[in-house]
Amino acid sequence: MNESSQIDFFYDISLILTGYNRVKLNGTGQGELYFSTVKDILGKNLIKDFLSEYELLKSENKSPKALNKAIQTELFKDPKWGPVCKNIIKLWYMGKWYKMPTLWRENYTTSTLDEDKIITPNSYKEGLVWEAVGQHPPSAKQPGYGTWAFPPKN
Amino acid sequence: MINDDKFDIVIVGAGITGSIIAKELGNQCEGLNILILEAGPGKSGDFESYQKYNDKFYQTLAKTPNSPYTDPPFAPSPSVLDIAKIEKGKPDTNGYFVQNGPLPFLSNYNRNVGGTTLHWLGTTLRMCPNDFKLKSLYGRGVDWPLSYQQMQPYYRRAEFEIGVSGNVEEQSILGITFKKDYVFPMHKIPQSYLDNHMSEGLKGVTFSDEGVEYPIEVVSTPQGRNGMPNPLYRNEENELGFIPVGAVGAPDLGQRCEGNSNCVAICPVQAKYNALKTLDAAVKNKKNKVTVLSKSPVSHIEIDAKTQKVKQIHYKTYDTSEDGTQTNIESHVVSGEIVVLAANAIENAKILLASDACTTSGQVGKNLMDHLVYINWGLFPKAIGAFRGPGSTSGIPNMRDGEFRKNRSAFRVEIGNWGWTWPANTPESTMLDGIYAEGLFGQELIDYIKDQTSRQFRIGWEMEQLPSEENFVSIDEKYKDALGNYRPVINYNFNDYEKEGAYIASKVSEKIYDILKIDVRSEYEKSSPGYFEYIHEVNGKKETFEGTFAGAGHVVGCHRMGTTKNNSVVDSNQRSHDHKNLFVAGAGSFPTLATSNPTLTMSALAFRTADEIVNEFPKNKSKKK
């Protein structure tokens, strides 16, 4: 994988981790910002290793179901890559970078950027957790007068 | 900067009380020179600075009520993040408040131009008539020196100024009456799907207490939030109908509530009323001169030993350089024929104590009160559409009054529309549970969040806290802010009257959960600042009831009104008994807390006070009203 194709792999694994399709992820307008956030905090080598791990799993597991399973055991539950996976989900869901766990920091990063922060005001508004809830983010994307009286969509 | 140092009226505090008084004086008078001193930063007239509050909200990590606003060390605001359990004998000095305990005061307020209305929920209930007579009817607390009948015209004026949406028929309960043919300025805000679902499920259900059956009826709550104007509305003074007031500096915004679901901490479009609207109108009325000075906290007032009138007001200004490295601080003195303290109950008390003013009654700083909210929460069996609409659109009001007030707190009940946001910080915590506790990602995580959050239900039972000697504000040389002004030192506790109220509330709650098949999920942790255990007798057997109280943000008491200079700080016009040119105004004047959220009553009192002040300036009275 060359450096310019890394972002595609980032989107690719984000699809699986978040459960949202590319259209949704693109629609947030936040992907590039999130990718650079992860890259800046993890550093060039770690991000490359992480995405390469994913690339390998993808080539070994042709069916989506098998790939899902492989990501769960090899990445999501892995002590090194698990916290990264979880932070990528949280980034898309909350527009927020959560400081990595202490043990992980001790082993893998010295980045001063690794602090709790909401990336930008728009990241908050584009948080996919609201999509999962089925509602709008408080203070943004308002649904209109009286809509709260309607039956909830299921 | 100002050139004058003599004013007709000096108002301390640019919140709802100060703004209403300034605007009303402007409406009724000509040629007055009015100064408003506000401790915090902020502007009244442009939307740009409000937009900065919006952006700050989006990007702030802990989205507390005060999080969108500025909080300089020279006029700090209390924060809910500073509320913690207090170790015995060790005051908690971490926040702006110095909390002596035994329990921490659980609420905050906002020190910016616009005051706490910047983050209020918008509930505008009137007090019920019996709220004014707690002592004579139930032997508790004290009576107000005012009756509901006397308050009625002021309530109507406050409902116009705030712009209340409500339904008169539905509010005509608990002895609350309205003038013939009265309607609210706007039709009621639609009740949420949840409200209607509960209303249907609870039809005909009652709760029996001390031999009386109380209907558990879901009723819409009147709100200071723009809805659909009622064409039948006529303002009493000018015979005009009601036109909603949009955002200050961007009047096309906020003409109607858009369902931003964020009344607390900030309505992004100002569809919910805030005092900036009233203040802006006061400043723009050119019949009088109204000057607003922000970043100008008052340290004390000076009393003339001979006349016992307020001679001067001492305040400081602070101006911080853009890079934040340097602050220019200056001391100033002004005088006013009339002086109005309208800086919030605790802040008013602080200024009076620092000034050694209003000392006769010994009541300054005493009887601090707040609605103690017993919150519980659970999961409905099916989706009820949580996380939509204004924070609350309905309540269960029928237990706001009854003979039981001899023995325990009355409460109003607020049905929440935002899931477990308040008690459990959902949906963020739901997402974290899904990822960490359940080990989910992808579609399974989405499904989990959807299932959990769409069924979330939260209800708040707001106890009327009695005035109590144990709950008071004082000052101490040891504790000052960055300008050298006093920080409030607070002694605070709950008593059994309120805990017994919460116990009864828990019984009503059980019944509701049972009938509506809501799965209880409330947890009360011993480590919470508002945790309590209450041992009481039930059918001759000792029983322990545990719960947690949260603050309601209703900062009330500290300069009670009353009939004489010996029993109270101010009279029913909020004029100081001791100093004839001084008014001490706001929710601090309430002798008891009552069972309604305080803002509407506080606003009504501001109109009454404005009328009284107008009489001091007969030459300035406008010919046509």
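Reference entry: report on the structure contained in this document. Every value quoted in this text rests on a predicted model; they were computed, and no experiment measured them.

## What about the pairing of strand β10 (residues 327-341) of chain B?
Residues and elements named next belong to chain B.
- By the bridge criterion, six bridges tie strand β1 (residues 6-12) to β10 in an arrangement that is parallel. By the bridge assignment for β10, I9 is matched with I338.
- Here strand β9 (residues 310-320) runs beside β10; their pairing, made up of eight bridges, is antiparallel. Bridged to T317 within β10 is E330.
- As paired strands, β10 and strand β20 (residues 582-584) are joined by three bridges and run parallel to one another.

## A word on the interface of chain A and chain B
- Taken together, the contact between chain A and chain B spans 48 residues of the former and 50 residues of the latter.
- Buried surface at the junction of chain A and chain B, both sides included, amounts to about 4000 Å², of which 66% is carbon and sulfur.
- The largest per-residue losses of area from chain A upon contact with chain B belong to S139, Y145 and W148 of chain A, which jointly make up 23% of the total buried on that side.
- The tally of links between chain A and chain B comes to one salt bridge.
- Here E428 of chain B ties to K96 of chain A by a salt bridge, and the two come within 3.1 Å at their closest N and O atoms.
- The interface formed by chain A and chain B holds 19 residue pairs in polar contact (both at pLDDT 80 or more) in total.
- Among the elements that make up the side of chain A that touches chain B, the one with the highest residue count is helix α6 (residues 82-94) of chain A (five residues).
- Considered class by class, the residues forming the side of chain A that touches chain B number 27 nonpolar, 14 polar and seven charged.

## Structural notes on the sheet that holds strand β3 (residues 98-102) of chain B
Residue and element names in this part refer to chain B.
- Here we have three strands laid out as an open sheet, ordered β3-β16-β15, and mixed in their pairing. Strands at the two margins of the open sheet, each flanked by one partner only, are β3 and β15 (472-474). For this sheet, the mean inter-axis angle between neighbouring strands, taken without regard to orientation, is 20 degrees.
- As judged from the four bridges shared by β3 and strand β16 (residues 489-492), these two strands associate in the parallel manner. Looking at β16, one finds that G101 is bridged to N491.

Cut-offs and rules
- Residues numbered from 1 in each chain as written.
- Chains lettered and ligands numbered in written order.
- Predicted model: local features only at pLDDT ≥ 70, side-chain atom pairs only at ≥ 80, totals over all residues.
- Heavy atoms only, no water.
- Pairing = 2+ DSSP bridges.
- Helix = DSSP H or I, 4+ residues; strand = E, 2+ residues; numbered from the N terminus.
- Contact = heavy atoms within 4.5 Å.
- Buried area = accessible area lost by both parts, 1.4 Å probe.
- Salt bridge = Lys/Arg side-chain N within 4 Å of Asp/Glu carboxyl O.
- Polar contact = N/O pair within 3.5 Å; in protein donor to acceptor, adjacent residues only side chain to side chain.
- Nonpolar A, V, L, I, M, F, W, Y, C, P; charged D, E, K, R; others polar.
- Axes fitted to C-alpha atoms, helices over the stretch in contact; angles between N-to-C directions.

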